[in-house]
Amino acid sequence: MQQVSSLPPGFVGTVFTSEIRVSADGRFVYGVNRLSDTICVFRIDEDGTLTQVSHASTLGDYPRIITIDPSGRFLVSGNQRADNVTTFRISGRRGDEGEDDDVSHENDNVSGESKGSGDFKRKDGSLTFTGNYTAVGSPSGMVFLI
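Quick summary incoming for the structure in this document. Being a predicted model, the structure only gives us computed values, none of them experimental.

Re the sheet that holds strand β5 (residues 63-68)
Spatial strand order, β5-β6-β7-β8: 4 strands in an open sheet with antiparallel pairing. The strands lining the two open edges of the sheet, one partner per strand, are β5 and β8 (127-135). Taken over all neighbouring pairs, the strand axes of this sheet differ in orientation by 20° on average, direction set aside. As paired strands, strand β6 (residues 74-79) and strand β7 (residues 84-90) are joined by 6 bridges and run antiparallel to one another. Paired with G78 across the bridge in β7 is V85.

Listed below in structure tokens is the structure:
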């Protein structure tokens, strides 16, 4: 039906996709690229096609895994060669319209994209680094227990 690249615009080189996750509400797809060390965000359109929304650096080396917490508010990346897990806030979770966790601050943007002052309430599934690095030796799997 469709072929879409998960690479950031302008990326040149070898890359290995490591994991794909779909948000629980079915609105977004997240794909992780090793060697570019990025997470690509796609919106799932009503016809089932994907539209690339943004990219975020994993802030680690060789991301092996990602997972989304049960609330759908956070995505974590296990960066195998960096020996860490990085945590990101997901914007646009259905039902969050009144919550301030979707507020985007220009200085929080780690995707390399420039965000204007009108982007304070993004609802596009994009990722914002929370500042939380967790040291974990060569992470290779993650689950949330509730």
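Looking at the sheet that holds strand β4 (residues 50-57)
Pairing is antiparallel in the open sheet, where 4 strands are placed in the order β1-β2-β3-β4. Either end of the sheet is taken by a strand with one partner, and the two such strands are β1 (16-22) and β4. When strand polarity is set aside, the average angle formed by the axes of neighbouring strands in this sheet is 20°. Sheet analysis places β1 next to strand β2 (residues 28-34), joined by 6 bridges and oriented antiparallel. Paired with F16 across the bridge in β2 is R34.

Let's talk about the side chain of S126
As for its position among the elements, S126 is in the loop between β7 and β8. Here D124 takes part through its side chain, which lies 2.7 Å from a polar atom of the side chain of S126. Excluding its chain neighbours within four sequence positions, the residues that come into contact with S126 are V41, S54, R89, I90 and S91.

Points about the environment of I44
Tracing the backbone through its elements, the reader meets I44 in strand β3 (residues 38-44). The spacing of I44 and F28 is 16 residues in sequence and 5.5 Å in space, taken between C-alpha atoms. Look past the residues within four positions of I44 in its chain and what remains in contact with it is V22, G26, R27, F28, V29, T49 and L50.

A short note on the packing of aromatic side chains
The geometry of an aromatic ring pair is captured by the separation of the ring centres together with the interplanar angle, meaning the angle of the planes. In this structure the tally under the stated criterion is 2 aromatic pairs. Arranged with centres 5.0 Å apart and planes meeting at 65°, the rings of F129 and Y133 form a pair that is edge-to-face. Judged by relative accessible area, F129 falls into the buried class, the value being 14%. Judged by relative accessible area, Y133 falls into the partly exposed class, the value being 46%. Site record: aromatic cluster; members linked through ring pairs are F88, F129 and Y133.

A few points about the nonpolar core
Within the largest apolar cluster, 13 residues are counted, with the highest numbers of intra-cluster contacts made by Y30, I39, I66, L75, F88, I90 and L127. Examining the composition of this core, we find that 3 residues originate from one element, β2, more than from any other.

Concerning the pairing of β7
Looking along a regular strand, one sees side chains alternate from face to face of the sheet. Most of β7 is tucked away, with 6 of its 7 residues classed as buried. Count of turn residues in the β6/β7 antiparallel hairpin: 4 residues, of which D83 carries a positive phi of about 55°. Sheet topology places β7 next to β8; 6 bridges connect them, and they run antiparallel. When the sheet's bridge partners are listed, F88 is paired in β8 with F129.

Calculation rules
Residues numbered from 1 in each chain as written. Predicted model: local features only at pLDDT ≥ 70, side-chain atom pairs only at ≥ 80, totals over all residues. Heavy atoms only, no water. Pairing = 2+ DSSP bridges. Helix = DSSP H or I, 4+ residues; strand = E, 2+ residues; numbered from the N terminus. Axes fitted to C-alpha atoms, helices over the stretch in contact; angles between N-to-C directions. Polar contact = N/O pair within 3.5 Å; in protein donor to acceptor, adjacent residues only side chain to side chain. Contact = heavy atoms within 4.5 Å. Phe/Tyr/Trp six-rings, centres within 6.5 Å; stacked < 30°, edge-to-face > 60°. Buried < 20%, exposed > 50% of the residue type's maximum accessible area, 1.4 Å probe, protein only. Core = buried A, V, L, I, M, F, W, Y, C linked by side-chain atoms within 4.5 Å.

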